[in-house]
Amino acid sequence: MRVIAGSARSLLLKTPPGNHTRPTTDKYKETLFNVLQSYLGGAVFVDLYSGSGGIGIEALSRGAKKAYFVENNTAAHKCIIDNLNHTKLADKATVLKQDVIFALQSSINETVDVVFMDPPYVEHAEVQVLQFLANWNRLDEDAIIVVECDLEADFDFVDKIGLEVYKIKEYKTCQHVFIRRK
């Protein structure tokens, strides 16, 4: 896995040992950032369930001014710190070893422009997180939320909580669902 573009372009990133995380492939990452690129300049980016930190690091490399990484797994948390130091982007990052909802409630005190989450597929944690984000006062009114999830994930509920799905990118094994406030 590597950084695709920007100030840390081509630098290789570590991944946590074991199969606790699923790093986003370079191909999927490139497609994702083709959609997000115009939102990144000076943005505050939140990478939930960060794994190796590859998505948030890509955002920083491409111009985000700050990124929050939220990861509760010890090995993954250490991997994010190592990758940020390797890419020389640590000064623009805050790495939180916390539960996602707790971190959103108490540790992020800036207006957020982009939220990316790649929760464990079998837990369907995106439902609880999206319910929280729908009314989160730190989310900019024009913010984008992206969920990486399995192809069968159902987002019919978002309309009822004041959000809308405005774009879906399907891949062979997963999808990126782009969501915003109505």
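Since we're looking at a predicted model, the values are computed, not measured. (Residues numbered from 1 in each chain as written. Predicted model: local features only at pLDDT ≥ 70, side-chain atom pairs only at ≥ 80, totals over all residues. Heavy atoms only, no water.)

> Would you mind showing me how to read the pattern of salt bridges here?
Side-chain pairs of opposite charge can arise where the charged atoms are in close proximity. Within the structure shown, the criterion is met by seven salt bridges. Residue Glu58 pairs with Arg62 through a salt bridge whose shortest N-O separation is 2.7 Å. There is no split in this pair, since Glu58 and Arg62 are both buried. As a salt-bridge pair, Asp159 and Lys182 come within 2.2 Å of each other at their nearest N and O atoms. In this pair, Asp159 is assigned in the loop between β5 (139-149) and β6 (163-170) and Lys182 in the segment after β7 (175-181), connecting sequence segments 23 residues apart. Residue classification places Asp159 among the partly exposed positions, given a relative accessible area of 46%. (Salt bridge = Lys/Arg side-chain N within 4 Å of Asp/Glu carboxyl O. Buried < 20%, exposed > 50% of the residue type's maximum accessible area, 1.4 Å probe, protein only. Helix = DSSP H or I, 4+ residues; strand = E, 2+ residues; numbered from the N terminus.)

> Is there a simple way to explain the nonpolar core in this structure?
One recurring pattern in soluble globular proteins is that nonpolar side chains are buried together. Leu48, Leu130, Leu133, Ile145, Phe155 and Ile179 are the most contacted members of the largest nonpolar core, which totals 31 residues. Residue assignment for this core shows that the elements contributing at least two residues are β1 (44-48), β2 (66-70), α4 (100-106), β4 (112-117), α5 (126-133), β5 and β7. With five residues, the top contributor of residues to this core is β5. Once residues within four sequence positions are removed from consideration, Ile179 is found in contact with Leu130, Ala143, Ile144, Ile145, Val147, Phe155, Val158, Leu163, Glu164, Val165 and Tyr166. Residues Val3, Ala67, Ile80 and Phe178 belong to the second largest nonpolar core, which totals 25 residues. (Core = buried A, V, L, I, M, F, W, Y, C linked by side-chain atoms within 4.5 Å. Contact = heavy atoms within 4.5 Å.)

> Looking at this model, I keep getting lost on the environment of Glu152. Mind explaining?
Note that Glu152 resides in the loop between β5 and β6. When its relative accessible area of 65% is taken as the criterion, Glu152 is described as exposed. C-alpha separation for the pair Glu152 and Lys78, spaced 74 residues apart in sequence, amounts to 31 Å.

> Looking at this structure, how should I read the packing of aromatic side chains?
The relation between two aromatic rings is expressed through the spacing of the ring centres and the mutual angle of the planes. All told, the structure shown has four aromatic pairs when counted by the stated rule. Plain terms: the ring middles of Phe155 and Phe157 are 6.2 Å apart, the flat faces sit at 25 degrees to each other, and that makes the pair stacked. Under the relative-accessibility criterion, Phe157 is labelled buried at 17%. Note that Arg180 overlies the ring of Tyr166, its terminal NZ or CZ placed 4.1 Å from the centroid. (Phe/Tyr/Trp six-rings, centres within 6.5 Å; stacked < 30°, edge-to-face > 60°. Lys NZ or Arg CZ within 6 Å of the ring centre and 35° of its normal.)

> Is there a simple way to explain the side chain of Glu58 in this structure?
Here Glu58 shows up in helix α2 (residues 54-61). One polar contact links the side chain of Glu58 to the main-chain amide nitrogen of Ala5, over a distance of 3.0 Å. Contacts of Glu58, omitting those with residues within four sequence positions, involve Arg2, Val3, Ile4, Ala5, Lys29 and Phe33. (Polar contact = N/O pair within 3.5 Å; in protein donor to acceptor, adjacent residues only side chain to side chain.)

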